[in-house]
Amino acid sequence: MTREEKHDVRRNLGRTHRFVLIYTLIFTLVTFAAMIIATAAEMGADGDISLEKVQSLIMQQSGLHSLVALAIGVLFILANRRSRLASDLETGATGHMTLRVLASGVVLLFSFQLLFILVDPAIKWIASQLGYTLSTTTDSLSNMQPSLTMFLYTAFLGPIVEEIIFRGVVMKNLAKYGKLFAIVVSAALFGIFHGDISQGLFAFCCGLLLGYIAMEYGFKWAVVFHIINNFLISDMLARFVGLLPNTLQDPVHMVVTVGFGLLGILVLLKNRRAIAAYIADNRTRQGVIPVLWTVPSFWLFVLMELAMITMGFTKIG
């Protein structure tokens with residue numbers, strides 16, 4: 001790769017990572033600003049309000065805060081990619097979605113859920129051995145009271161916008177360097193974007209699947225799979241299990257997750273040769289990966305999310 005080619009690669013990678021970095025900053029800052037404004041309004045209306053009541057109100061309104069941040073983020077996307085957005089969502093996919101592919105993708109999502117169930121307590125245990133408690137994104141979501149706004153954000157609107165960013169803009173900009181590079185890097189950015197160790201690993205795995213689906217079957221199917229994961233697997237399954245007696249809820253949820261998760265592992269094993277062939281046929285353009293590590297916006301994004309992760313650690317005692 002010539003010096004001029006390296007410069008072009010670095011410029012394109014920098015532009016792509018800056019896009020993700022700026023969107024993440026906008027979403028994070030607007031969310032915090034909305035929380036502060038809402039808190040100030042409540043304290044102004046009731047000077048004797050307790051800290052516990054304020055925290056409860058923040059939890060109740062978190063869905064609304066997320067939707068406000070999402071709306072501002074969408075305005076940034078439109079301002080930045082308005083003339084190219086339709087092209088960003090066109091992946092050139094030629095595959096035809098079949099029931100077999102759909103079912104295989106769904107059980108793989110359960111496999112990633114199973115991985116999360118195993119990894120999350122392990123990470124918290126390691127943190128405790130180091131003298132810290134770890135509060136994760138999942139803990140925050142479980143403490144939030146159900147609301148229509150949070151449901152709309154997590155189940156539908158959030159997945160759509162995230163797919164536009166990671167399987168649309170990011171993957172389209174990186175596809176010229178090879179399908180594999182575009183899928184893996186967009187998945188890595190998607191994982192880092194979550195600002196949580198175990199949730200980030202789960203998102204990275206999902207990102208690999210969603211990237212492959214978008215690349216080979218079309219952007220719309222990546223959106224469908226993302227909504228299946230957030231709406232059907234994460235939300236509706238929990239609601240269904242919640243209808244059962246308390247003594248059955250955890251065992252049934254575990255049986256379903258483990259059962260389908262093991263089917264997902266069997267799918268990977270059965271298709272291991274096809275996966276290896278896909279990797280071999282779509283290798284990254286030579287010289288691109290070393291350039292990636294020299295892009296400042298990539299490291300700024302990583303460092304910002306690492307800072308978010310450290311906020312979840314609290315010293316014991």
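Bear in mind that the values here come from a model prediction, so they are computed numbers and not experimental data. Every chain is numbered on its own, with residues counted from 1 as its sequence reads. It should be noted that, the model being predicted, local features are given only for residues of pLDDT at least 70 and side-chain atom pairs only at 80 or more, the latter also being counted only at that level, while totals for whole chains, interfaces and linings use all residues. Calculated side-chain values reflect all of the structure's heavy atoms, with hydrogen atoms and water omitted.

Turning next to the overall build of the protein chain. What the protein chain contains, in helices and strands, is 13 helices and two strands. Two things to know: the radius of gyration comes from C-alpha atoms, and the globule rule equals 2.2 Å times the number of residues to the power 0.38. A globule of 317 residues ought to have a C-alpha radius of gyration of about 20 Å, and the protein chain, at 21 Å, matches this closely. Projected onto the principal axes, the alpha-carbon positions of the protein chain cover approximately 65 × 45 × 40 Å. Categorising residues by exposure relies on relative accessible area from a 1.4 Å probe, with only protein chains included: less than 20% of the type maximum marks a residue as buried, more than 50% marks it as exposed, and the intermediate range marks it as partly exposed. Out of the 317 residues belonging to the protein chain, those deemed buried represent 42%. Residue contacts are counted whenever heavy atoms from the two residues lie within 4.5 Å of one another. A separation threshold of at least 6 residues defines the contact pool for the protein chain, and within that pool the share at least 24 residues apart is 81%. If you sum the accessible surface of the protein chain, you get close to 16900 Å²; carbon and sulfur atoms cover 68% of it. Counted as positive: Lys and Arg. Counted as negative: Asp and Glu. His and the chain ends are not counted at all. Charge positions are represented by NZ for Lys, CZ for Arg, CG for Asp and CD for Glu. Looking at charge distribution, the protein chain has the averaged site of its 24 positive side-chain charges lying 13 Å from that of its 19 negative ones. For the purposes of this entry, the term helix denotes a DSSP run of H or I that reaches at least four residues, the term strand denotes a run of E that reaches at least two, and both are numbered from the N terminus. We get accessible surface area from the Shrake-Rupley algorithm with a probe of 1.4 Å; when it comes to residues, only the shown protein chains can shield them.

Note on placement: Glu305 falls in helix α13 (residues 296–310). Put simply, a salt bridge is a Lys or Arg side-chain nitrogen that is within 4 Å of an Asp or Glu carboxyl oxygen. Salt bridges are absent for the buried Glu305, whose nearest opposite-charge side chain, Arg167, sits at 14 Å. If we skip the residues at most four places from it in the chain, Glu305 touches Thr24, Ile192, Phe193, His194 and Gly195.

What follows concerns the nonpolar core. Nonpolar core, defined: a set of buried Ala, Val, Leu, Ile, Met, Phe, Trp, Tyr and Cys residues in which side-chain atoms within 4.5 Å join the residues together. Judged by nonpolar contacts, the single largest core of 48 residues is most densely connected at Leu13, Tyr23, Ile77 and Ile165. Broken down by secondary-structure element, the contributors of at least two residues to this core are α1 (3–45), α2 (51–81), α6 (148–174), α7 (179–193), α8 (197–217), α9 (219–242), α12 (288–292) and α13. At 10 residues, α6 tops the list of elements feeding residues into this core. Residues contacting Leu13, with those up to four places away along its chain left out, are Leu174, Tyr177, Phe181, Val288, Val291, Leu292, Val295 and Ser297. Formed by 18 residues, the second largest nonpolar core is a distinct cluster that contains Cys205, Cys206, Ile233 and Leu237.

Before going further, it helps to spend a moment on the packing of helix α4 (residues 99–129) against α9. Axes here refer to lines fitted to C-alpha atoms; in helices the fit is confined to the stretch in contact. Angles between the N-to-C directions go from 0 to 180 degrees. The interhelical angle for the contact between α4 and α9, taken along N-to-C directions, is 55°, at an axis separation of 11 Å. Between α4 and α9, the crossing angle belongs to the class labelled oblique. As α4 packs across α9, the resulting crossing turns out to be right-handed. For the pair α4 and α9, the contacting residues are Val101, Leu102, Gly105, Val106, Leu109, Phe110 and Gln113 in the first and Phe225, Ile228, Asn229, Ile233, Ser234 and Leu237 in the second. Across the contact of α4 with α9, the residue classes tally to nine nonpolar, four polar and no charged. Roughly parallel means an angle under 35 degrees; roughly antiparallel, over 145; roughly perpendicular, 65 to 115; everything else is oblique. Two helices that cross are described as forming a left-handed crossing if the nearer one is turned anticlockwise from the farther one by less than a right angle, and a right-handed crossing if clockwise. When residue character is reported, Ala, Val, Leu, Ile, Met, Phe, Trp, Tyr, Cys and Pro are called nonpolar, Asp, Glu, Lys and Arg charged, and the others, Gly included, polar.

The next thing to look at is the packing of α6 against α8. For any two helices packed against each other, the geometry is given by the interaxial angle and the distance between the axes. As a packed pair, α6 and α8 sit with axes 11 Å apart at the nearest point and diverge in direction by 60°. By the criterion of interaxial angle, the relationship of α6 to α8 is oblique. You can see that α6 and α8 cross each other, and the crossing is right-handed. Where α6 approaches α8, its residues Glu163, Arg167 and Met171 are matched on the opposing element by Gly207, Leu210, Gly211, Ala214 and Met215. Counted by class, the contact of α6 with α8 contains four nonpolar, two polar and two charged residues.

Under the criterion given, the structure shown has six salt bridges. Between Asp120 and Lys124 there is a salt bridge; the shortest N-O distance is 3.4 Å. A residue pair is termed a helical-turn pair when its members lie 3 or 4 positions apart in one helix, as Asp120 and Lys124 do in helix α4 at four residues. A salt bridge links Glu216 to Lys179; its shortest N-O distance comes to 2.9 Å. Of this pair, Glu216 sits in helix α8 while Lys179 sits in helix α7; the two residues are 37 residues apart in sequence, bridging distant segments of the chain. Residue classification places Glu216 among the buried positions, given a relative accessible area of 14%. Note on Lys179: relative accessible area 29%, which makes it partly exposed.

Once that is clear, we can look at the side chain of Asn173. As for its placement among the helices and strands, Asn173 is situated in helix α6. Ignoring any residue separated from it by four or fewer positions in sequence, one finds Asn173 in contact with Asn12, Thr16 and Arg81.

All right, on to a nonpolar patch on the surface then. On the surface, Phe260, Leu262, Leu263, Ile265, Leu266 and Leu269 cluster together into a nonpolar patch covering about 530 Å² of accessible area. As for its position among the elements, Leu269 is in helix α10 (residues 246–270). Take Leu269: its relative accessible area is 46%, and that puts it in the partly exposed class. Here a patch means residues that are over 30% exposed by relative accessible area and free of salt bridges, tied together within 9 Å if like-charged and within 5 Å if nonpolar (Val, Leu, Ile, Met, Phe, Trp, Tyr).

Function-wise, these values are silent; they only describe arrangement.
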